[in-house]
Amino acid sequence: EPEAAAFEVLDRFMTAFNAQDTEAWADTLHYPHVRFAGKTVKVYPDSASFARALRFPRLIESGWHHSDWTERTVTLSSPTIVHIETEFERFNARNESIGRYQSLYIVTKLNQGWGIQARSSLAP
């Protein structure tokens, strides 16, 4: 089922993100990968360009320790594309909330399987 496959990709994405495992994180995406955040739109042509652009130190400086999904709702689904409206929360090392943000993930099925093709987030 497309929705179950898309949620599984989002779970792997969050696990890799929290582990700061750049390679595993990049493997949850399809390329080119598009990210809308703040006032910018970034297009990553491949996993190497995505890995080079990661900015964990800035996130850690903000007090971030880990994140978790708080809501995930499928808003559009077909056998090869699933749009998921999400909300995630950032936590510090004491497991205290430091922010909650809405986002949209577009998960697609290509020849190599399911992956996140695009993300739009209201997070800084």
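Numbers given for residues are sequential positions, taken from 1 along each chain in its written order. The model is predicted, so local features are restricted to residues of pLDDT at least 70 and side-chain atom pairs to those at 80 or more, both for listing and for counting; the totals for chains, interfaces and linings are taken over all residues. For side-chain calculations, the full set of non-hydrogen atoms in the structure is used, while hydrogens and water are omitted.

### Brief notes about the pairing of strand E1 (residues 29-37)
- Strand pairing requires that DSSP identify at least two bridges connecting the strands. Secondary structure is summarised from DSSP: a helix means a run of H or I of at least four residues, a strand means a run of E of at least two, and numbering begins at the N terminus for each. Here E1 runs beside strand E6 (residues 113-121); their pairing, made up of 5 bridges, is parallel. Residue pairing across strands places Ala-37 opposite Ser-121, the latter belonging to E6.
- Here E1 hands over to strand E2 (residues 40-44) after 2 residues, with Gly-38 in that stretch at a positive phi of 60 degrees.

### As for the nonpolar core
- Grouping buried Ala, Val, Leu, Ile, Met, Phe, Trp, Tyr and Cys residues that are joined through side-chain atoms within 4.5 Å yields what is termed a nonpolar core. Categorising residues by exposure relies on relative accessible area from a 1.4 Å probe, with only protein chains included: less than 20% of the type maximum marks a residue as buried, more than 50% marks it as exposed, and the intermediate range marks it as partly exposed. Core analysis: the biggest nonpolar cluster contains 27 residues, and Trp-25, Val-107 and Ile-116 have the highest contact counts within it.
- For this core, the secondary structure elements donating two or more residues are helix H1 (2-19), helix H2 (22-26), helix H4 (56-61), strand E4 (81-91), strand E5 (97-110) and E6.
- Of the residues forming this core, the biggest block, 8 residues, is contributed by H1.
- Leave out the neighbours within four places in its chain, and Val-107 touches Ala-6, Val-9, Leu-10, Thr-80, Ile-81, Val-82, Ile-84, Trp-114, Gly-115, Ile-116 and Gln-117. In what follows, residue pairs with any heavy atoms lying within 4.5 Å of each other are defined as contacts.

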